[in-house]
There are 2 protein chains.
Amino acid sequence: MVWWKASSVGHDINPDLASERASPSFSVETLINIVDGGVEVTRLRRSVVSEINKDPVFSREYLYFKTPSERYESAVRNTFHLKNKIKSLGWDEDGPEIEYVYRALGGEVGLNIHKVFIKTLSTLGTDEQIAKWLPLASNYQIIGTYAQTELGHGTYLRGLETTATFDPTTQEFIIDTPQITATKWWPGDLGKTCTHAVVLAQLHTKGKAHGMHPFIVQVRSLRDHTPLPGITVGDIGPKMAFEHIDNGYLMMRSIRIPKENMLSRYCEVLPDGSYIKRGSDKINYFTMIHVRVSLLRGEVLESLMKACTISIRYSAVRRQSELKPGDREPKILDYQTQQQKLFPLLASCYAIVFTVKHVANVYNDVYKEIRMDNFNSLPQLHALTAGMKAFATEVCSGGVEVCRRACGGHGYSLYSGLPTLYTKVIASCTYEGENTVLYLQTARFLVKCFAGAQSGKPVPPDVSYLSSPLSSGCQATTHSDFRNPEVYLKAFEHRVYRLVASAATKIESLVLSGVEPYMAWNNNSVELVKASMAHIHYLTVKVFISSLNSLSNQPEIKTVLKRLCDLYALHGIFTSAGDFLQHGYLSGKQLDMVTTAYLGLLAEIRKDAVLLVDAFDYTDYELLSALGSYDGNVYHNLLEWARKNPESKKVSPVYENYLKPYLQSNQSKL
Amino acid sequence: MVWWKASSVGHDINPDLASERASPSFSVETLINIVDGGVEVTRLRRSVVSEINKDPVFSREYLYFKTPSERYESAVRNTFHLKNKIKSLGWDEDGPEIEYVYRALGGEVGLNIHKVFIKTLSTLGTDEQIAKWLPLASNYQIIGTYAQTELGHGTYLRGLETTATFDPTTQEFIIDTPQITATKWWPGDLGKTCTHAVVLAQLHTKGKAHGMHPFIVQVRSLRDHTPLPGITVGDIGPKMAFEHIDNGYLMMRSIRIPKENMLSRYCEVLPDGSYIKRGSDKINYFTMIHVRVSLLRGEVLESLMKACTISIRYSAVRRQSELKPGDREPKILDYQTQQQKLFPLLASCYAIVFTVKHVANVYNDVYKEIRMDNFNSLPQLHALTAGMKAFATEVCSGGVEVCRRACGGHGYSLYSGLPTLYTKVIASCTYEGENTVLYLQTARFLVKCFAGAQSGKPVPPDVSYLSSPLSSGCQATTHSDFRNPEVYLKAFEHRVYRLVASAATKIESLVLSGVEPYMAWNNNSVELVKASMAHIHYLTVKVFISSLNSLSNQPEIKTVLKRLCDLYALHGIFTSAGDFLQHGYLSGKQLDMVTTAYLGLLAEIRKDAVLLVDAFDYTDYELLSALGSYDGNVYHNLLEWARKNPESKKVSPVYENYLKPYLQSNQSKL
């Protein structure tokens, strides 16, 4: 088997993996279509992945051996090659194919922030600005980045320190990073690539500050790519992953740019320095939401789906220790402890697949409303996407690491594919809004809704539980009662209600006792974060259940996904038992039943586990994992890969310089 | 400030950090001595670190920029330079200085498994074997490794497949890796360095198998370092960390070695092929325990202590968002959510500092007994060290990652020092025994002790709770009651008792109902792991409390450490609340009190937090972190480091090859 080929079909399948696929209880192909969102989607995705895979320029063969510089170069090469390929294949640059291209290449593409530059220009520029800059950017005659985050300032945008001061005598803005903490830091494509940047800066005109605005600033010469006078620009250096991206820093010392370089669709500075705001800039807010929605599937969920594929296939091949005395070493997937690591994550993949679809639907509905100038649902959408971003990035990045460790020593080798998945996905907990900050934003929405519900106001559908009468306790009497979705959904509802109510009540009573509101909020923020998590957790269970209902014409698949839904919910109760017990909603005995039902499900899911990851339909080319290949020939892959190590063919100076003098001294003794 | 210097003392301290140190409530220096284990230890440690730091050969300046090959080379260079330095300074190769050398160099030293080779030889070799091989190895005239783990086999040693078959006609052993899964895989120093290996192989003689035995096999020529005939050897390739170590693979095709190459202190093959065992080989077992004990402090705990130092100092300097409306952005350390991430980890450092001392004491006591051929305490020591290894590696590696994420975007930069700490320490969850396997070994001890206690037998001191009468419920009536160590220790005792009893009872009743014991065990293994964790958790609380009692002559320090002890325990209850509620030991109301006490402690510890990490006494040279330097000039450090990036001085071919043609097309438009 040549491990980096698209698929190993046609080669011998490891019998330990073949046996897992021998008698499926459901059609894997149908489940693939469900995960994708339709037969047509599957067809398109496969054709795109196959096009990419068969193109030798896109070879991923030596990816794990490359230095950061080599990674950067090949990502840029991929970008330009892709541009030509898209044209020659007649794909649309904004078409559905592009998502699958990224999937196939594992994101190993450069100039991504150049696209953000174009998007920002198109959204925030006037028609004249778009007419001037867009063709240049689209043809790479200029390359842009988006420079917002600063060395001393991240998620809190009001704290940014870069200034843009209008000088009416010359009709210019003076852009300045007044101190070290104002240095722009992190923008992708800035370190070595871009010529221009949209710089976010505090606008000052006529002695007044007007908050953050976007300005186009040229940073490098178009003639020879050297930094322009007054500009200090460079690469911020090595990171935990994303070696292929040249994240950069940028200092600007009194850089003068023409007045026309302020992106002015929603606000403008007149020649005399007066400031005018026009229209609503709530749409900017919406852009941020859009980014969060789209990264969930593309970056975050994909990582966990791949990690589950790799670790579950490997666990069906790896044999270790003794279970039944005298028997052959069992597959490690037969150990309850291994099942308990991997199956709840498998279930989480499906829960998040369905929830991401749900979030996308809500997003599209609200988008339609907003285009009719109805912003009523924006707070709910914001709370949903902020909380879901935090929840999904934590479940997925934590989960990838559990998968990696579940592969033992081999999970520590880059060949497993798992370290790279982890070091990349973990960044998503911080970028596009730090998770704790996001959870607290969702919490603010929940507390507000709770207060509304207390005073009899209607609440948005996602938090309808806040105005329903609270049931006093769970009615389950046997462990099989806990396989009833109504039973566990009610438990999740009760839990989140209690957590929201408790935090809101504590804050209220502190404020009534004279504590300043900001202090009351801060002193309850640990519990507010908990309430937000519980809210999203509840939503994912709810969406999973309702997604099952749409599968009535696929009874076999419904049966197997129902098991995963049960597992997802019961694992949640098992691991956060305190929340369910504290107010007596569950009794200790009922928690015992939950435990029995939960552990019993692990054994039930065991037989379908490999098929359930096969349904994610990753090719070997995409997985790039010696442990996760479709044919399961893991040891062969590991050894072949080690022998291909280009490093091993180089002569290390270590032998000549350090070892030889010792080894050759006094050899007579041997 | 030049960031990689040993200490920034003498430079300007960031006022935000200076203010944290302005009015200490205790002597940091005294606490440093307590953590070290005495004034003399502190003195010695500092003098060693200072010697290493001032030696230019040991410069760590460009560590984060180095390729794996460069890391390997400098680790080997360090090793040989260190050998000479130790000699010239008159240190003992096995003396206490060596631990501090490793600490100072962050483990960036090569040929570590060569030392294991020497240790194995000295322990398992006969006097003649030692006389022959030890001088060669000590003078690096040969370089050895220890080859145990195989491609298909890890923690379960009985599964190893490499064979050593005795051939009486030639008085040789034939060493063979009969199939791909038998390939030796992972040994350090094997990939590019060693000439010899102690190979662990299944001994076959006279048609009978005798289990694993150690054999000295030469793998590379002493003349030119090429692999010997029949040997295939190489580097296993890139890993998540440990780039400086050449982990390797080794295949042996019917390699013949003289009979004298079997290490024969405890067993021997006679010329006619008869197999003789002599003495007890329990001592081997003890070696494994020794390794686990020593890695706890050196590799595992140090990582969390460094990560806490970096993240807490940074959190006292980083300002973000708005707390009180209109005020300056607050230090992020003032947010409850940030405190809740970092302070329980700070408390865990101290809990583990004390527990590691305790484990070392137990180890030394048992060692004395064993030297008098009394092996009675070995099972208890094994259970303690196996469980503690699993517990500490999980707390510390998980904790390092929490610290890293608590530093936001900058925690993702290698300059923070945190990614490197994480990717290294996480390996400890797998090496020297996979944690789940270790927890289950401890569980077997607990279940056995439980059965003993039920039938009235005496139990070892660590599990005395199994034979004490169980109190029916917690007596606390206010949140301040939970600041009483007796109160929370009892809660931990009750929790572990319940978990052990529950798992043991379930297994017993399954077996009584006819289920095979191995199956009953496997079906309860999730709960058995939980019980083991709870047991070690309980021990750490108990040891922390008793360590406080020895501080009566240091009342200020006792006060501040008592707060950490309370926090450590209450955080444990808060995060595993289900275990304490399920059987009614705590009521829901009492859990509310725990929460109040726990959150209140965060605010109390806030003022001492920086001093408590200063007491770990890491120099900037050791931390190698732009965020964690003693002077707190984090932004200056980050920027200076970025500008030093050797990569940024190289001309990337990307501009000429890819960007220039586009950027220079049709420039008339600009």
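Residues numbered from 1 in each chain as written. Chains lettered and ligands numbered in written order. Predicted model: local features only at pLDDT ≥ 70, side-chain atom pairs only at ≥ 80, totals over all residues. Heavy atoms only, no water.

Quick look at the overall build of chain A now. In terms of regular secondary structure, chain A is built from 23 helices and 11 strands. The C-alpha radius of gyration computed for chain A amounts to 28 Å, which stays within 12% of the reference 26 Å derived for 670 residues, consistent with globular compactness. For chain A, with 670 residues in total, the buried portion stands at 60%. Looking at chain A alone, contacts between residues at least 24 apart form 73% of all its contacts between residues at least 6 apart. Carbon together with sulfur atoms contributes 55% to the accessible area of chain A, which is approximately 24900 Å² in total. Seen as two clouds, the 71 positive and the 67 negative side-chain charges of chain A have centres 1 Å apart. (Helix = DSSP H or I, 4+ residues; strand = E, 2+ residues; numbered from the N terminus. Rg over C-alpha atoms; globule rule 2.2 N^0.38 Å. Buried < 20%, exposed > 50% of the residue type's maximum accessible area, 1.4 Å probe, protein only. Contact = heavy atoms within 4.5 Å. Areas by Shrake-Rupley, 256 points an atom, 1.4 Å probe, with all protein chains shown as cover. Lys, Arg positive; Asp, Glu negative; His and termini not counted. Charge placed at Lys NZ, Arg CZ, Asp CG, Glu CD.)

Quick look at the interface of chain A and chain B now. Contacts between the two partners involve 130 residues from chain A and, on the opposite side, 130 residues from chain B. Between chain A and chain B, roughly 11000 Å² of surface is buried when both sides are summed, and carbon and sulfur atoms account for 62% of that area. Joining chain A to chain B, the criterion identifies six salt bridges. When the shortest N-O distance is used, the salt bridge between Arg-405 of chain A and Glu-394 of chain B registers 3.0 Å. The interface formed by chain A and chain B includes 42 residue pairs in polar contact (both at pLDDT 80 or more). For the side of chain A that touches chain B, the class distribution of residues is 55 nonpolar, 45 polar and 30 charged. (Buried area = accessible area lost by both parts, 1.4 Å probe. Salt bridge = Lys/Arg side-chain N within 4 Å of Asp/Glu carboxyl O. Polar contact = N/O pair within 3.5 Å; in protein donor to acceptor, adjacent residues only side chain to side chain. Nonpolar A, V, L, I, M, F, W, Y, C, P; charged D, E, K, R; others polar.)

With that settled, consider helix H2 (residues 28-36) of chain B. All names here are of chain B. Counting buried positions along H2 gives seven out of nine residues, so the element sits mostly inside the fold. Looking only at H2, the buried set comprises Val-28, Leu-31, Ile-32, Asn-33, Ile-34, Val-35 and Asp-36. Backbone geometry just after H2 places Gly-37 at a positive phi near 105°.

So, on to the pairing of strand S9 (residues 255-258) of chain A. All names here are of chain A. Alternating positions in S9 separate cleanly, Ile-255 and Ile-257 being buried on one face and Arg-256 and Pro-258 remaining unburied on the opposite face. Where strand S3 (residues 172-176) and S9 come together, four bridges link them in antiparallel fashion. Opposite Ile-174, over in S9, you have Arg-256 as the bridge partner. (Pairing = 2+ DSSP bridges.)

Turning our attention to the sheet that holds strand S8 (residues 248-252) of chain A. The three strands are arranged S4-S8-S7 (chain A) in an open sheet whose pairing can be described as antiparallel. Edge positions in the open sheet fall to strand S4 (184-185) and strand S7 (231-235) of chain A, since each of these has one partner strand only. Against the sheet, helix H21 (residues 634-644) of chain B makes contact with S4, S7 and S8 of chain A, and its axis sits at roughly 110° relative to S8 of chain A, the strand it touches most. (Axes fitted to C-alpha atoms, helices over the stretch in contact; angles between N-to-C directions.)

Residue and element names in this part refer to chain A. Structurally, the position occupied by Thr-393 is in helix H10 (residues 378-406). A polar contact is formed between the side chain of Thr-393 and the backbone oxygen of Lys-389, at a distance of 2.7 Å. Contact partners of Thr-393, with chain neighbours within four places excluded, come to Val-300, Met-388, Ser-428, Cys-429 and Asn-435.

Take the environment of Asp-592 of chain B next. Looking at the element boundaries, Asp-592 of chain B is found in helix H18 (residues 588-606). A relative accessible area of 31% means that Asp-592 of chain B is categorised as partly exposed. As a C-alpha pair, Asp-592 of chain B and His-479 of chain B span 113 residues in sequence and 8.1 Å in three-dimensional space. When near neighbours in sequence (up to four residues on either side) are disregarded, Asp-592 of chain B contacts Lys-506 and Gln-582 of chain A.

This brings us to the relation of the copies chain A and chain B. Overlaying chain A with chain B gives an RMSD of 0.0 Å, the required rotation being 180° about an axis along which the chain moves by 0.0 Å. Both copies are brought into coincidence by an operation consistent with a two-fold rotation axis. When each C-alpha of chain A is compared by its distance to the rotation axis, Gly-578 of chain A comes out closest, at 1.8 Å. When the interface residues of chain A are mapped onto chain B, 100% of them are again interface residues, pointing to one common binding face. (Least-squares fit on C-alpha atoms with pLDDT ≥ 70 in both.)

With that settled, consider the environment of Thr-477 of chain B. Residue and element names in this part refer to chain B. Inspection of the secondary structure assignment puts Thr-477 in the loop between helix H12 (435-454) and helix H13 (485-512). Its relative accessible area of 59% is what places Thr-477 among the exposed residues. A sequence separation of 136 residues divides Thr-477 from Lys-341, and the C-alpha atoms of the two residues are 28 Å apart.

Let us now look at the nonpolar core. The biggest cluster of nonpolar side chains holds 333 residues, and the ones touching the most others in it are Tyr-350 of chain A together with Tyr-350 of chain B. Discounting residues that sit within four places of it in the chain, Tyr-350 of chain B has contacts with Leu-31, Val-35, Phe-544, Leu-561, Leu-564, Leu-612, Ala-615 and Phe-616 of chain B. (Core = buried A, V, L, I, M, F, W, Y, C linked by side-chain atoms within 4.5 Å.)

Next up on the list: the sheet that holds strand S8 (residues 248-252) of chain B. The strand order S4-S8-S7 (chain B) describes an open sheet built from three strands, whose pairing is antiparallel. Each edge of the sheet is formed by a strand with only one pairing partner; in this case those strands are strand S4 (184-185) and strand S7 (231-235) of chain B. As paired elements, S4 of chain B and S8 of chain B share two bridges and run antiparallel to each other. Bridged to Lys-184 of chain B within S8 of chain B is Leu-250 of chain B. This element, helix H21 (residues 634-644) of chain A, spans S4, S7 and S8 of chain B of the sheet and lies at about 110° to S8 of chain B.

All right, on to the packing of helix H3 (residues 39-54) of chain B against helix H5 (residues 97-105) of chain B then. Residues and elements named next belong to chain B. At a minimum axis distance of 9 Å, the contact between H3 and H5 shows a crossing angle of 50°. For the element pair H3 / H5, the angle class is oblique. Note that H3 runs across H5; the crossing there is right-handed. Note on element contacts: H5 touches H3 through Glu-97, Tyr-100, Val-101, Arg-103, Ala-104 and Leu-105, opposite Val-41, Leu-44, Arg-45, Val-48, Val-49 and Ile-52. Of the residues belonging to the contact of H3 with H5, the class tally is nine nonpolar, no polar and three charged. (Parallel < 35°, antiparallel > 145°, perpendicular 65-115°, else oblique. Left-handed = near helix turned anticlockwise from the far one by under 90°.)

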